[in-house]
Amino acid sequence: MEASKVEERWNLYQEKYRELFNYGVDNGLIRLYSDALIKALRNVYYGGLPASIVLLCNVACNGWCYDRAILLSLVFEDDDYQMVEADIDSLILNPRIIAKNEINPDPRYAEHCYLEGKGGDGSVWVFDTSIGLAIEKGLYEKMQHPKVNRVYDKKTVMSFGEYQDIKNADIESDKYGLPLLMPSYEAVAEIGQPYYRERLKEEIAYYKEFINYDGIKKEVEEDMLRKGFLG
């Protein structure tokens, strides 16, 4: 397809997306992660960090939809949900992604992964970790026209090796890598956050106090000095 046609389709998609997005926000069909959900995410850990920090950080999620969908699913153990893999318009029509795929063809170039869960009123919501929002399923389908490739039920997701690795993570061991990770998350909290800048800062501050981050940092630095890694 000619580049001009690709750009035209992309611009039309973006215009329609913005229109539907604004409609969704105005009518309660697009929501931020709830306070209850974020607090539940504090009890799920990934690489020494609670999911409440990882999943509020857009840079740590955009482009990692499969991993982050599984990470989010751990707080839904008592709820019914399914994980969906589908081609979506924001990838199908994106000129940058199309051009990249022309150089290195990949039949799954437009595939995205998200969770679908039910609201208290029986409505179905898409939890899209790449953008950090919950979107009513009917609206999401109008925004993205997902072409579903695979659907995994709750039992199947819970059997994934990645799921079990997160569930059985050694938090006490992992937390000693935090002095390397935390500065990056703190920097991201200052820039490039579309929705959760202040809440991400709050979660970082909460976790640092909860685990005595300064004490861990001091312990790690002293250990590195003893081993000769710091001059």
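Residues numbered from 1 in each chain as written. Predicted model: local features only at pLDDT ≥ 70, side-chain atom pairs only at ≥ 80, totals over all residues. Heavy atoms only, no water.

A. Highlighting the packing of helix 1 (residues 3-26) against helix 7 (residues 137-144). Across the interface, helix 1 lies against helix 7 with an axial gap of 9 Å and an inter-helix angle of 165°. Looking at the two axes, helix 1 sits roughly antiparallel to helix 7. Regarding helix 1 and helix 7, the two cross each other, and that crossing is left-handed. Contacts between helix 1 and helix 7 pair Tyr13, Tyr17, Leu20, Phe21, Tyr23 and Gly24 from the former with Leu139, Lys142, Met143 and Gln144 from the latter. Partitioning the contact of helix 1 with helix 7 into residue classes produces 7 nonpolar, 2 polar and 1 charged. (Axes fitted to C-alpha atoms, helices over the stretch in contact; angles between N-to-C directions. Helix = DSSP H or I, 4+ residues; strand = E, 2+ residues; numbered from the N terminus. Parallel < 35°, antiparallel > 145°, perpendicular 65-115°, else oblique. Left-handed = near helix turned anticlockwise from the far one by under 90°. Contact = heavy atoms within 4.5 Å. Nonpolar A, V, L, I, M, F, W, Y, C, P; charged D, E, K, R; others polar.)

B. Region of the structure containing the sheet that holds strand 5 (residues 111-118). Spatially, 6 strands are ordered 1-7-6-5-4-8 in an open sheet, and the strand pairing comes out antiparallel. Two strands lie at the open edges of the sheet, namely strand 1 (30-32) and strand 8 (147-153), each paired on one side alone. Between one strand axis and the next, the sheet turns through 30° on average, direction left out of account. Pairing of strand 5 with strand 6 (residues 124-128) involves 4 bridges; the strand directions are antiparallel. What sits directly across from Lys118, in strand 6, is Val124. The sheet contacts of helix 7 involve strand 1, strand 5, strand 6 and strand 7 (133-136), and relative to strand 7 the element is tilted by about 95°. (Pairing = 2+ DSSP bridges.)

C. Molecular detail of the environment of Gly138. Here Gly138 lies in helix 7. Note on Gly138: relative accessible area 29%, which makes it partly exposed. Remark: the alpha-carbon pair of Gly138 and Arg96, spanning 42 residues in sequence, is separated by 27 Å. (Buried < 20%, exposed > 50% of the residue type's maximum accessible area, 1.4 Å probe, protein only.)

D. A look at the layout of surface pockets. Estimated volume of the largest pocket: approximately 960 Å³. Taken together, 32 residues make up the lining of the largest pocket; nearest its centre are Asn62, Ser90, Leu91, Arg96 and Ile97. Elements that contribute at least two residues to the lining of the largest pocket include exactly helix 1, helix 4 (65-73), helix 5 (89-92), helix 6 (95-103) and strand 5. If you tally residues by element for the lining of the largest pocket, the top one is helix 1, at 5 residues. Of the residues belonging to the lining of the largest pocket, the class tally is 13 nonpolar, 11 polar and 8 charged. The space that makes up the second largest pocket amounts to roughly 380 Å³. Sorting the residues of the lining of the second largest pocket by element identifies strand 1, helix 2 (35-41), strand 5 and strand 6 as the ones contributing at least two each. (1 Å grid on protein atoms, 1.4 Å probe; cavity = no way out; pocket = protein on both sides within 12 Å on 5 of 7 lines; lining within 4 Å. Points joined across faces, edges and corners; volume = space filled by probe spheres on them.)

E. Seen up close, the environment of Lys16. Of note, Lys16 is situated in helix 1. Judged by its relative accessible area of 43%, Lys16 is partly exposed. Along the sequence, Lys16 and Met143 sit 127 residues apart, while their C-alpha atoms lie 7.6 Å from each other.

F. Up close: the nonpolar core. Counting residues in hydrophobic clusters, the biggest one holds 48 residues, and the most contacted among them are Leu72, Met83 and Phe127. Look past the residues within four positions of Met83 in its chain and what remains in contact with it is Ala69, Ile70, Cys113, Tyr114, Leu115, Arg150, Val151, Tyr152, Val157 and Phe160. Counting residues in each nonpolar core, the second largest holds 21 residues, with Ile30, Leu91, Ile97 and Leu139 among its members. (Core = buried A, V, L, I, M, F, W, Y, C linked by side-chain atoms within 4.5 Å.)

G. Spotlight on the pairing of strand 4 (residues 81-87). Buried residues dominate strand 4, accounting for 6 of its 7 residues. Where strand 4 and strand 5 come together, 7 bridges link them in antiparallel fashion. Across the sheet, Val84 pairs through a bridge with Tyr114, a residue of strand 5. Relative to strand 8, strand 4 runs antiparallel, the two sharing 6 bridges. Looking at the pairing, Asp87 lines up with Lys147 of strand 8.

Note that every value here comes from positions in space, so none of it alone points to a role or purpose.
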